[in-house]
Each structure stands twice: as structure tokens, then as C-alpha cells.
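Read off the chains here:
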Amino acid sequence: MSVAAVLAFDRVTVRYEPGSRPVLEGVSFTLDRGERAALVGLNGSGKTTLLMAAVGLAGHEGLILVDGIPVRRRTAGQLRQKTGFLFNVPEDQILFPIAREDAAFGLLRRGVERTEAYRRAEAMLAELGVGDVAGQPALHLSHGQKQRVALAGVLVTGPPLLLLDEPSAGLDPPGRLSLARLLGRLDAAMLVATHDLDFAARFCRRFIVLAEGRISYDGPDASVVSQAWGTEA
Amino acid sequence: MRALWHDSWGSGRGPAVRLAPEARIAAGAALFAASLAAPAGTGRGIALIAFVATAWTAACGMPLRAVKSFALLGAAMFLPYFLLVPLLTGAGTPGGPSGQGGFLSALAAPWDVVLHGFAGLFLTAATVTSLSASDFRRGVLALPLPRLVTGVVIQIVHQTAVLFAETGSVAAAIAVRSGSGRAGTVLRVLASVPRVWLPRIIHRADRVSAAMELRGYAETDLRVMGPTKPRAADAAAIGAAVGLLALAAAIRWDWIR
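Residues numbered from 1 in each chain as written. Chains lettered and ligands numbered in written order. Predicted model: local features only at pLDDT ≥ 70, side-chain atom pairs only at ≥ 80, totals over all residues.

## Things to note about the domain arrangement of chain B
Residues and elements named next belong to chain B. Domain annotation of chain B identifies domain 1 (2-141 + 230-252) and domain 2 (146-221). Counting residues at the interface gives 7 residues for domain 1, matched by 8 residues for domain 2. Put simply, the parts of the chain that give the side of domain 1 that touches domain 2 at least two residues each are α1 (2-8) and α7 (133-142). Considering each element in turn, the side of domain 1 that touches domain 2 owes the most residues, 4 residues, to α7. Counted by class, the side of domain 1 that touches domain 2 contains 4 nonpolar, 1 polar and 2 charged residues. (Domains from an automatic or database assignment. Contact = placed C-beta atoms within 7 Å. Helix = DSSP H or I, 4+ residues; strand = E, 2+ residues; numbered from the N terminus. Nonpolar A, V, L, I, M, F, W, Y, C, P; charged D, E, K, R; others polar.)

What follows is the structure, given as C-alpha cells:
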């Protein structure tokens, strides 16, 4: 495994029930510091499970390392300081009623002074195109706006590893474009689960394809994926 | 009900809204306790309950629309208790109370429930209208409660609002897919609770708990989200509410003796 790897999977298998068919089987790959990879696959191929396993939310066999630290129950708290995780349903992730408060939570819990935390949260919301809803109840926002509020809460702390589950889902075309540009500017390593190849191709140079829980392709060529899916132009 | 819940938070425009959020919650809780402690079977008790509920509703500036809606909700919830009166009078039952005295004593139990129920509903609703979701969070955090309790209470309120939205989505999907009218949709929604709504809610709870774990919600002292400074007006409001609670307790004590 590369010493520069911020995320490493070594023969990882995940089963939801002991003895049942694995959702992920023998998955191995590494993600270097600052590297951006798209995790693509059809529905049910195991993308979300892989992301969950990387933060210790899905029990696994094999070895997962985040920044050289093995993912185990007792290391989970330490590892989660190093990762930013975006769920595919933003309502699951938003824990505070007002958009600004939710986005600032990660900073406040790290001890950033309140005024400064809110200023930085608002700046991140503005960068994601939802600065105008910073003071609004998150529940009243559209799906795309909630997605961006949740993402702001993830990005604002600047973790070295981002695990994003369908970040472009529910975003309008300008929103997708600005998000792709923003992600392309970040220094963090990221693994982005998506079906949206055009979106991923804007900032990822690597495509990891999952099929029935196994990696079927790992390389730079997005056209391999679209050919396999029969969706090439 | 869903609209009532959504619209009520922070809709109040009365003078109580200027108090610190924790003072509004504490005063509301003390007045709620006072309304429960005051006996509904004495003139002084009834007067105190009515005063406390009316004064706090006015102080919070609950909008007229919300007053009407909560009055309707209270009527639907509590007035049916009066239907028990004929059963409680035991008219014609050997040994049962009869005549006007019997009717009045049978009326006492439902009256107690109805008066306390209405007062409790309005005091709670008025407190809710005086607090925006953000105020509520700040207020709960500022109260001297254990960290676990504040975290759980804040999430219960937040997730209840999410739950109402989720229920609305389930109802809309059922209405669209079944092509039923309003009554038909209500019946189908009720029938779908164990098969559709409950699994969705359980799944949602699972994901929310995962998000709370990932975001470090449980380990964080949520007071970092915004401490507030107590002011004289807040202390006066809480003092007045506690005074009314003491008066209610004294009336109750006098009544028992």
C-alpha cells in the first residue's frame, strides 16, 4: 500500500448479515493524498456501503486504513475528525433547524469562536450558491438547497478526506457545474459516489467502477464506464 | 395539524418574545405546572387557571389564526370527555349518585380534564409560538439540564418537524398513486402506517443516528452553539411565573384541607 494513501482498502468484504451474500467482496484500492476519484456503479452495486465502511458505519472483514489508522470501533471517533461525509439524503444529515447553524456546527465543536464559525459557515454557503438562505429553516429549503447546506457543513472544516455520496443529486445544472468547480479547487482527497459521469469527469481523473460488490474497473477512462452501461454518446 | 405545527414556531409577536429564549421556556413550564396544580373545582382555582392561560397566550402574542386552530384542536381532544357524564351519574343505578348533586359530581372529573387540558394546550402552544426553532435550541441549551437531555430534546423537536414533512410526502404519494379523494387518502395513509410509514421512519432514524455519530453530535457540548446572558426582565418573568405556581400550590393545599 502507498505510504501517501489517505484511504486504503485491502481485501474488504462487507455483509449485512453473517453468512449472507456479501454487498462488497474483496475490494482493494488506495486513494492518495489530494487524489480525486469517482466511485461509479449501477444501483445496488455497493457504492454507499463502501463509503459507510470507510467511516466504520458498516462492519467489514479485511483492512481499511484512513491516514494509516485502521478503521475499528475504538478508532472511529479519531478517524471521523479526518473525514467529511455527505449522505445521499440531506435530511438525514442536517441536525440543526437553521442552515447557518448546521453548517457551523463542525467548526464550533472544534472550538472555533462562534462569530468566526458563523462567518466561515456563511462564506461556505455563499460559495455553494445558498448564501441567501443562511438564516432560513433548513426544513423549508428545496432538496438541492438542503444538499448544499449539508455539503457546506462537510466542507467548512476542511477535512483531508471527503467521502461524498451523490453530491450532485437534486442540483440544477448551474449548481452541478459550480459544485464540480468547487470540488476541483479543493486540496482534499475525495471519493465521490455518483451516477453522473459528466459531473465526475469535471474534477476526477480516476474512475473506480463497482459491479455487484467488486471493482470491475479502476482507471482514468470514463468512456469505459459509459460503454459498459451502454450510455456512450 | 402539520401546518399548525410548522406555522406556530416563532409566529408570536407579543412582549414575551423579547425575553431570552430560556426565560420563555422556563416561564412557560412554570405556568404549565401552575395550571396543573390549581384545582378546577374551586372558583379561585378556575380563575387562576384561566388567568394564567389567557395572560401567557396574550403575552406571547399568539396569532388569532393559531388561537382558533388550537381551540378547535382542544375541543376535538377534550370536549368528548363530557360524553362520559351520563355514565358517571349512574342515573337509575342502585346506589349511584342521582339528582342535581349527582350530575354535578359526575361533571367534576370531565371538567377537570377539559379545563386543565385546554390550559395546558394553550400554554404549550403559546410558548411554542414565542420561540423560533433556533430560539428553542438556544433556550434549551441555556437551561441547567444534563447534556444528554438537551441533545435528545433538541433532536426530538427537530426530527418531529422532519417527520411531519415525511408524513406529508407519504400522504402526497398515496394520494397521487391511488387517485382517492381526501377521505380516501386519509384512510389509505392510516392503512399504510405499518407497511410504508413505519419502515421509512425506522430507516430515517437509522440514518440520522449514523449522521449524529459521524458529526460528533453526542460528544459535543451543544452550549458552544450560542450562550446567552441572563437579564433582569428574564429573572422577573421567571419569578412571576414561579410566584403563580406557588399561589396555585397554596390554593390546591387549601382545597385539599
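## Side note on unusual backbone geometry
Residues and elements named next belong to chain A. The residue R11 is not glycine, and still its phi comes out positive at about 45°. When you line up the elements, R11 lands in strand β1 (residues 5-14). Since 12 C-beta atoms lie within 10 Å of it, R11 is described here as exposed. Phi is positive for E166, which is not a glycine, with a value near 50°. Looking at where E166 falls in the secondary structure, it is placed in the loop between β7 (161-165) and α7 (173-185). (Buried ≥ 20, exposed ≤ 12 C-beta atoms within 10 Å, placed from the backbone.)

## Quick look at helix α1 (residues 47-54) of chain A
Counting buried positions along α1(A) yields 7 of 8 residues, so the element is predominantly enclosed. Regarding α1(A), the residues found buried are K47(A), T49(A), L50(A), L51(A), M52(A), A53(A) and A54(A).

## Some thoughts on the sheet that holds strand β2 (residues 24-32) of chain A
Residue and element names in this part refer to chain A. Strand order across the open sheet formed by 4 strands is β2-β1-β4-β5, with antiparallel pairing between neighbours. Here the strands that pair on one side only, and so sit at the sheet edges, are β2 and β5 (69-70). Bridging between β1 and β2 involves 6 bridges; their strand directions are antiparallel. In the strand pairing of β2, L7 is matched with L31. (Pairing = 2+ DSSP bridges.)

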